[in-house]
Every structure is written in C-alpha cells, then in structure tokens.
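Residue-level listing of the chains:
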Amino acid sequence: MKVYLNNVTKTYNHRGSPAVNNISFTVEEGEILSLLGPSGCGKTTTLRLLAGFEVLDSGLIYFDQELIASQNFNLPPEERNIGMVFQDYALFPHLNVFENITFGLRDKKIKHQECEKLLRLVNLTGFEKRYPHELSGGQQQRIALARALSTKPGLILMDEPFSNLDTFLKKQMREEIKRIVKNSGVSAVIVTHDPEDALVMADKIIIMKNGIIEQQGPPQELYERPATEFVAGFLGKANILDPLTGIAYMP
Amino acid sequence: MATKTKRALSALLTYWNNRWHKPPSFSFALLGFIISLMMALPLSYVILRALGSDKAVWHRLFSTRIPQLLWNTLSLTLVVSLLTLFIGVTLAFLVERTNLMGSKIWRWLLVLPLVIPPYIGTFSYITLFGNTGILKNQYINIYSFPGVAFIMTLYTFPYVFLLVSAALQRINPHYEEAARLAGLKPPQIFLRVILPLLRPSMGAGSILAALYVFSDFGAVGMLRYFTFTSAIYTQLIGRYDRSGAAVLSLVLIFLTFVLLFWEWYTKRNKAYYQSKGILKKQEPINLHYWRIPALILAGSVFLLAVALPVGTLVYWLILGLFKQITFSEFWKYTFNSFLVSSLAATASLIFASIIGILHKRNGGFFGELMARCCFAGYALPGVIIAIGILFFANSYLPWIYGTFLMLVIAYIIRFMPQGLQSFEASLVFISPNLEDAARSLGEGPWGVLRRVIFPLTLPGLKAGWTLMFISSLKELPVTLLLRPAGFDTLSVRIWLEASEGFYIAAAPAALLLILVSIIPIRLIAGRDGGYKNEGVS
Ligand SMILES: Nc1ncnc2c1ncn2[C@@H]1O[C@H](COP(=O)(O)OP(=O)(O)OP(=O)(O)O)[C@@H](O)[C@H]1O
Ligand SMILES: [Mg+2]
C-alpha cells in the first residue's frame, strides 16, 4: 500500500503549539520508513494520525488512491486495514497466543491455518497455548507483530518497537523484523528515537523536530549529506563508524 | 443562510470536541448525559424545593427545631470523632508497631465491626438493655447521649483504624531512625515524629466517621435520639410536613458539604510521608507489662462491637427455633430484599460501565462532569435521596410512585458510585493501547467493549456488583421511606421488630444481613487474582 500525507497538522491543546505541523511525506509500496527524532517531536502523533486514533486539524491522508482522513472526515481505525505494533505490545492478557493472533480474523475455519503460518513466520511455532505473561520480551514482540500481520494489512505501524528490549536482543530483532516485513511485502512505518535502528532498518528516514520535518531521504543520503546541523548532530549520536573510512563520524 | 447554519454547526462541533479528551460517539454520550441527569436530579430537586419553600417555614424551623438539632448532631459528631480517633489510633499503633499478642488476627478482627450495620448492632443492644431488654437495669440507659455515642463509636472507629494502620505501614523508617539518632526516646518519637505524620490519615478517618454520623438513621432512630436524619424522617412520616423536611434536608446538605470540603482540603496535601519501594520490617516495640492491658483493650472493643451483638442475635435465633416460630414471613421479605437489591445492582453496573468509560477514556470536561454528578447521591445521607425521589416522583412520575421501582432507582442513585469506583479501578489497569490494538484489528467500539474491556474488567465488575448488592440489602432509611405499603425487606423488618419488641422474629434477618456483608471482605482480600501482567499491557 502506498501512503501519502499532505500538509498534515495536529494540535492537542488549542492554545498550545502543534504537535505535528504541516508535514508531508509518502511511503512507497513495500517500503520501510523510519520516523526519527528526539522525545516530544511528534513521532507518535504522526503514527496515531495514520492509524486513525487521532483526528487531524488540517491536511489530507491517502492510502493508495483513497482519501482516509481530512479536516472533516476520518475513517475509523478498524476500517483502515492497518496493523499496529505497540510500544508495550498490547497483547490481550486474558487471551492466549492463538486467541491474540486470531483476534481480528472473522472466518473461524482459517484461524488455525493462519495462526500456524504466522507463528512460523515469526519463528515461534508451538506457542499457541501460552499466555502473554509466559513469554519473554522478544517473544511478546514477535507475537505482537504476527497479530498485526494477521489481518493482511497494507501498512504496518510500529511505535518504538525496541524500547523494551536489551541491546543484544534489539540487534537481533531489528534484523528479524526487517526480514518479516520484507517477506510479507507490507509497507511499514517505524517510530524510533535511536538513529541506529533507523539506519539499519529503513529504506527512507524522516527526521522530525518540534513537529516539523527537518529532512527526509534514504539513510545513506541523510548520513552523508545532513541538511542541517540538527540532523548531523542527531545522526552523529549514533556513533556509527563511517563505512568508507572506518573512523567515527563527526559532524 | 445555509453557510451560516453550517458555520454554527461546525463551531458547535469544535466546542463539543474540545470538551472531551477524546470525543465519544453521540449516542454513547447521550446515554451518559441521561444517566448523570438521573443521578443528580433528586439532590437538585430537594435543594430547589427547600429554597422555594415559604419564608414562614424557614423562620419557624430556625426558631424552634434547628438549634436543638444542630446541637444534637454536632455534639454527637464531635464526641464520636474524638472517641474514634482515640480508639482507632491506639489500636492501629498497637497492632502495627508493638508485640501485641496475635496482632495479625487483630488486624482482621478489628475491621469486622464495619460488617455489622450499626442499626443491627443497636438492635442487639436494645434487646439487651432496652425497655423490654433481658438485661435491663437502672444503671445502663442506652436511650441517651452516652448510649448513642457509644454505639456510633463502636461501628465507626474502624475507619480511623484502617487508614491509620495503612499510614503506619508506609511511614519511612528513616524518620524514626533519625529521631533516634537525635536522642529522642520512644514516647517522644511517637509524639513528635509519628503522630504528626499520621495527622492526614487521622483527619481523613475521623471525617469519614463524622460523615457517617451525619448520615446514620437506623441507630439514632432506634435510640430515639434526634439528629437531622431522624428529624427529617419524623417530619415527613409523623407530621406530613414536606416543606419542613426539605428545609431540614438543606441544612443537612450544607453540613455535609462543609465536611466534604474539609475532607478535600485535608487530602490536598496528603501523603508526604509515603515511601516507595520495599521497606525493611521494623522491630516491634516491646510492651512489657503493658501487654495485658493492651490485649484487654483490643479484646473488649471486639467483644462489644462484634461478639456480644452477634452472640445476642444467635441467642434469639436459637430461642426462636425452640419456640418453633414459623419462617414463612422471613422468606417473603428475604425474597423482596434480594429482588430489589439485585435489580438495582445490575442496572447500576451497566450505568457505571457507561459513565466509567466516558470518564476515564473520553475524559475531558464532560466526562469529569458526568462522574461528579454520579457521586452526588453517594456523598449525601440516604434520607435526602429518598426525599428527593419522593418529591420528584410524586410531581412528575406518578406511574412509579408507590411501586418498588422507586426503591430500585433510589438504590441506584445511592450506590452506583461503588460500582463506578471498582469498575474504574480495574479500567485504569487496562492500557488504552489494548483498545487501540483491537480497533486496528478491525473491531468497532462496541466490539472492543465486549471482547476486551468487559473480560478484563470482569473482576472489578463482579466486586462492584457485590458491593452494590450488599449495600442495597442493608439499606434502611431509603427503604423505610420509599417502600410500597406492605413491601417489607430484611432491614425494614429489623426496624419494625425493634420497636414492637418482637426480637425473636428479627434475629434471622439480622444474622443473614451480617453473613452476606462478610462477602466483600473476602472479595477485597482476593483482589490480586487478576491477570499477571495487567500493569504492563
Ligand atoms: N494526548 C495528548 N494530549 C495533549 N498533548 C499531547 C498528547 N499526546 C502528545 N501530546 C504532545 O504532543 C507533542 C508530541 O508528542 P508525541 O507523543 O507525538 O511525541 P514523540 O515524538 O512520540 O515523543 P517520544 O519519543 O517521547 O515518544 C508533545 O509535546 C506532547 O506533549
Ligand atoms: Mg512516542
């Protein structure tokens, strides 16, 4: 699914400044886009606008050719055909893995088959009967991903998917998630405040600050030609070695 | 023209959206408005009625009854508050901080008086020391100020006991250690460190006790002591003076609000002593030769508040069984009680879920307003709610006037907040992300309610239902005022038999009510049976 955002603005308190201010970007079919920026810059808000949990003040959002949100129209989240992985995973504590994954499936007959397929995709075959509290953090995350993919969404949204994982697991999960998303062919928007996540996973990175987009482009481009000092400084924090020279990148 | 209406509509919509944290659907909001209107109506109506009544009525009451009633009510409240403070703090300290024998058991036993409706305790004491009591003597007169104060204290000190115990458990031990190092002796530490730290909880506890004294009807009524509640009742039932009853109610509403304001004021700067995390266990203070007196104190409080009244009731029950009193009547009013109470609890639960979601999830000004409206009936004495409903139904809803529906509505208004509290308490543990997750998987708002919120709040809903059911079952003044002619309930029977002196007949009802009231204690203790990662997800 292709996603267009056109001059989208969202203000929470009508006296305050906008949380998201006149932003535009597109996500191509099958692309992984990463929203990157410091705390409070409006990443979550952008994601929730895409999901339909927040109503925008002005601007337009299209999924493929279809208008799904504008100033006086908001397609409810359940009709948008999106999947979402929450920061806290939001697995239903009263349901086991099987029931969680098949929550959004209407057709009873295909439930078992689908669940098995998804569990195989996330490498957790045989976990059907477990309850969320019986899973490790990384396993919970993969179940959440499987659940998000269960309804065959065109777009998958992830808010800080790695913030509850330790460094080692995080490295592993980045690769894993990238593989799963690429295999299932959905478009994805991943919110993170860790530049390394974005540089490793994304096809395109958007750097935000105070509700506006500082720069967008492929990782390589942002990394090599930061447009502003802010972008340079932000990516610099990643402390990644320059792939060409092998020296720590300094803005 | 069309653009004008369009603009007005869009302005209205903006206003609407800004008054919510997250706007609900119109139909759901409308439901909420209707419920909160119903909840706030009787109170508003009493106030209007009182303000609208003749100046002469006000003048007459202020020059005759009100001064005496104020004196009766306030002096009783003051004495009971002081006594509950003394007993409650002493017992809490003994149980939490000393080597009192069996302190773990006392922690439970000393809360049990809350399980006994005070009018049942009073009933027991009347059967012992009343006019036709079996232990009647010239030294003990329970139809007196000391008698009333004594009984009220017995059944309200647990408020102080509970709150102060909880505070004692949370005091940071470092304060006391610092005082120790500064050279203070234990009694000085108690007076200069612990007691000041306990002040907020002592205040809150004694205000709860005072609020109870304001609202109690059964105990004062049975002992023929006139506070506002019993005076309002006789004004209405004995003298058919509705304006008078409304005026007295307004004074009582005013007094209650003063207390509530005070409570809010003291709570405002609470909890500066709280310590987070796991505290190391404090070494209990050795009572030495005070151990026996301490044990006697705790024991006699329990004896007087629980053992003696319950024992008396059992005695009457056995006597009744021997005399082969028939129980057919008993089953009839038990059925009545259970019918109205379960109807009220079920309806309340539905209302509470709607208001709870509007309050906690949609939030904002309107959500807050709705929740506030619903608490109106809870904070005020039942007599006032009953009068409000009586007036209102009489003028506007003649078709429910005199039916048991009035009782059901009154119980809903009176006790729905209990359900609201326990529903909201379990709702706040459910991350809104779970609801969003369900929406993103294709569920609509009602589906989310059914498949996510309902199963996850089920423990809270069950607890809420039970609480509301039991409160309705025990309720006395509202039931007396609103029941249809001939519609007797358990509580009504106890009231009637107490005055008619036919004690044997009331004992089974009283014991049944006490038994049923024990259930919530277990419920509260078993609260942690929820989902293990509730807090995380
Ligand atoms: N529900 C809300 N009501 C009012 N203001 C909000 C709300 N949600 C977010 N905001 C404000 O909007 C701005 C952007 O918030 P947002 O959650 O999108 O930031 P973020 O980039 O996700 O930050 P973080 O990295 O800390 O999660 C912040 O200033 C925040 O205070
Ligand atoms: Mg965020």
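Residues numbered from 1 in each chain as written. Chains lettered and ligands numbered in written order. Predicted model: local features only at pLDDT ≥ 70, side-chain atom pairs only at ≥ 80, totals over all residues. Heavy atoms only, no water.

**A short note on the overall build of chain A**
The criterion, for reference: Secondary structure elements follow DSSP: runs of H or I no shorter than four residues count as helices, runs of E no shorter than two count as strands, and numbering proceeds from the N terminus. Contacts between residues were defined by any pair of non-hydrogen atoms, one from each residue, lying within 4.5 Å. Lys and Arg are tallied as positive, Asp and Glu as negative. Neither His nor the chain termini are counted. Just so you know, the charge point we use is NZ for Lys, CZ for Arg, CG for Asp and CD for Glu.
In terms of helices and strands, chain A carries eight helices and 11 strands. The principal-axis extents of the C-alpha atoms in chain A amount to approximately 55 × 50 × 30 Å. Within chain A, contacts between residues at least 6 apart in sequence are counted, and of these 63% link residues at least 24 apart. Once the 27 positive and 30 negative side-chain charges of chain A are each reduced to a mean point, those two points are 4 Å apart.

**Brief notes about the pairing of strand β3 (residues 32-36) of chain A**
All names here are of chain A. The line we're drawing: Burial status follows relative accessibility: with a 1.4 Å probe on protein chains alone, a residue under 20% of its type maximum counts as buried, one over 50% as exposed, and anything between as partly exposed. Only strands joined by at least two bridges in the DSSP assignment are considered to pair.
Counting buried residues in β3 gives five out of five residues, a clear majority hidden from the surface. The two faces of β3 match: Ile32, Ser34 and Leu36 on one face and Leu33 and Leu35 on the other face are all buried. Of the pairings in the sheet, the one linking β3 to strand β10 (residues 204-209) comprises four bridges and is parallel in character. From the neighbouring strand, leucine 36 faces β10, where its bridge partner is isoleucine 207.

**What about the sheet that holds strand β2 (residues 20-27) of chain A?**
Residues and elements named next belong to chain A. Here is the rule: Geometry is summarised by axes, namely lines fitted to C-alpha atoms with helices restricted to the contacting stretch, and by angles between N-to-C directions that run from 0 to 180 degrees.
On the basis of which strands lie adjacent, the open sheet formed by five strands has the order β2-β1-β4-β5-β6 and antiparallel pairing. The outermost strands of the open sheet, each flanked by one partner alone, are β2 and β6 (73-74). Bridge count for strand β4 (residues 58-63) against strand β5 (residues 66-70) is three bridges, and the pairing is antiparallel. If you follow isoleucine 61 over to β5, its bridge partner there is alanine 69. Across the sheet, helix α1 (residues 43-51) is in contact with β1 (3-10), β2, β4 and β5; its angle to β1 comes to roughly 120 degrees.

**Regarding the interface of chain B and chain A**
To keep things clear, this is the line we draw: Here's the idea: put two parts together, see how much 1.4 Å probe accessible area each one loses, and the total over both is what we call buried area. A carboxyl oxygen of Asp or Glu within 4 Å of a side-chain nitrogen of Lys or Arg is what we treat as a salt bridge. As used in this structure description, the phrase polar contact means that two N or O atoms lie within 3.5 Å; if the pair is within protein, one of them must be able to donate a hydrogen and the other to accept it, and residues adjacent in sequence are counted only when both atoms belong to side chains.
Each partner contributes to the interface: chain B provides 23 residues, whereas chain A provides 23 residues. The largest contributions to the chain B side of the interface with chain A come from Ser440, Leu441 and Arg451 of chain B, which together make up 28% of the buried area. Inspection of the chain B/chain A interface yields three salt bridges. Here arginine 48 of chain A makes a salt bridge to aspartate 436 of chain B, at a shortest N to O gap of 3.0 Å. Our count for the contact surface shared by chain B and chain A stands at seven residue pairs in polar contact (both at pLDDT 80 or more).

**A short note on the site of ligand 1**
Rules: Throughout, the term near means that a residue has one or more heavy atoms lying within 4 Å of the molecule or strand in question. Side-chain classes are defined by residue name, with Ala, Val, Leu, Ile, Met, Phe, Trp, Tyr, Cys and Pro counting as nonpolar, Asp, Glu, Lys and Arg as charged, and the others, Gly among them, as polar.
Taken together, Tyr12, Ala19, Ser39, Gly40, Cys41, Gly42, Lys43, Thr44, Thr45 and Glu160 of chain A together with His21 of chain B make up the full set of residues near ligand 1. Ligand 1 sits at a junction of chains, with neighbouring residues supplied by chains A and B. Separating an oxygen atom of ligand 1 from a side-chain N or O atom of threonine 44 of chain A is a distance of 2.5 Å. In this structure, threonine 45 of chain A approaches ligand 1 through a side-chain N or O atom, which is 2.5 Å from an oxygen atom. Looking at the shell around ligand 1 residue by residue, the classes come out as three nonpolar, six polar and two charged.

**So, the domain arrangement of chain A**
Residue and element names in this part refer to chain A. In plain terms, the rule: Where each domain starts and ends comes from a domain assignment, either automatic or drawn from a database.
Splitting chain A by domain gives domain 1 (3-81 + 154-249) and domain 2 (89-152). On a C-alpha basis, the centres of domain 1 and domain 2 stand 25 Å from each other. With 17 residues of domain 1 at the interface, the matching set in domain 2 holds 13 residues. Between domain 1 and domain 2 lies a buried interface of about 1100 Å² when both sides are counted; carbon and sulfur atoms form 64% of it.

**Thoughts on the confidence of the model for chain A**
Residue and element names in this part refer to chain A. As a reminder of what qualifies: In predicted models, pLDDT denotes the confidence assigned by the predictor to each residue on a 0 to 100 scale.
When the pLDDT values of chain A are averaged, the result is 87; 94% of them are 70 or greater. Contacts from residues 237-241, a stretch scored under 50 in pLDDT, to residues over four places away or in other chains number 13 contacts. Throughout residues 246-251 the model reports pLDDT below 50, and contacts reaching past four residues in sequence, or to other chains, amount to 13 contacts.

**Overview of the side chain of glutamate 54 of chain A**
Residues and elements named next belong to chain A. Counting through the fold element by element, glutamate 54 comes out in the loop between α1 and β4. Within polar-contact distance, the side chain of glutamate 54 engages the side chain of arginine 48 at 3.3 Å. Beyond its immediate chain neighbours, meaning those up to four positions away, glutamate 54 contacts Lys10, Tyr12, Arg48, Leu49 and Asn74.

**Things to note about the packing of helix α4 (residues 65-97) of chain B against helix α9 (residues 186-215) of chain B**
Residue and element names in this part refer to chain B. To be explicit about the condition: Geometric relationships in this document are graded by angle, where less than 35 degrees denotes roughly parallel, more than 145 denotes roughly antiparallel, 65 to 115 denotes roughly perpendicular, and other angles denote oblique. Crossing handedness is read from the near helix: turned anticlockwise from the far helix by less than a right angle, it gives a left-handed crossing, and turned clockwise, a right-handed one.
Between α4 and α9, whose axes approach to 8 Å, the crossing angle comes to 135 degrees. Relative to α9, the element α4 lies oblique. α4 and α9 meet at a crossing whose hand is right-handed. Contact residues: Thr73, Leu74, Leu76, Thr77, Val80, Ser81, Thr84, Leu85, Val89, Phe93 and Arg97 in α4; Phe190, Ile194, Leu195, Met202, Ser206, Ala209, Ala210, Val213 and Phe214 in α9. Considering only residue class, the contact of α4 with α9 consists of 14 nonpolar, five polar and one charged.

**What to know about the domain arrangement of chain B**
Residue and element names in this part refer to chain B. Examined at the domain level, chain B breaks down into domain 1 (25-53 + 325-530) and domain 2 (64-272 + 287-323). Here domain 1 packs against domain 2, burying approximately 3800 Å² in sum over the two surfaces, 83% of which is carbon and sulfur. The largest contributions to the domain 1 side of the interface with domain 2 come from Trp495, Tyr503 and Ile504, which together make up 17% of the buried area. Taken together, domain 1 and domain 2 are joined by zero salt bridges. At the boundary of domain 1 and domain 2, one finds two residue pairs in polar contact (both at pLDDT 80 or more). Mapped onto the side of domain 1 that touches domain 2, the elements with two or more residues apiece are α2 (26-51), α16 (382-396), α20 (477-482), α21 (490-500) and α22 (503-525).

**Some thoughts on the pairing of β1 of chain A**
Residues and elements named next belong to chain A. In terms of strand pairing, β1 meets β2 through five bridges, oriented antiparallel. Its bridge partner lying in β2, tyrosine 4 is registered against threonine 26. Bridge count between β1 and β4: five bridges; the pairing is antiparallel. Residue pairing for β4: leucine 5 is matched across the bridge by isoleucine 61.

**Here we look at helix α6 (residues 118-129) of chain B**
All names here are of chain B. To keep it simple, the criterion reads: What a helix should span is 1.5 Å times the count of its residues minus one.
Here α6 is 12 residues long and its end C-alpha atoms lie 16 Å apart, about the 16 Å a rise of 1.5 Å per residue gives. Buried residues dominate α6, accounting for 12 of its 12 residues. Those residues of α6 not exposed but buried are Pro118, Tyr119, Ile120, Gly121, Thr122, Phe123, Ser124, Tyr125, Ile126, Thr127, Leu128 and Phe129.

**A look at the sheet that holds β3 of chain A**
All names here are of chain A. Pairing within the open sheet is mixed, and its six strands lie in the order β7-β8-β9-β3-β10-β11. One side of each edge strand has no neighbouring strand; the edge strands of this open sheet are β7 (82-85) and β11 (212-217). Each strand of the sheet is rotated relative to its neighbour by a mean of 15 degrees, with strand direction disregarded. Packed onto the sheet, helix α4 (residues 137-150) meets β7 and β8 (155-159) and runs at close to 170 degrees relative to β7. Its contacts with the sheet place helix α5 (residues 167-184) against β3, β8 and β9 (187-192), and it is angled at close to 135 degrees to β3.

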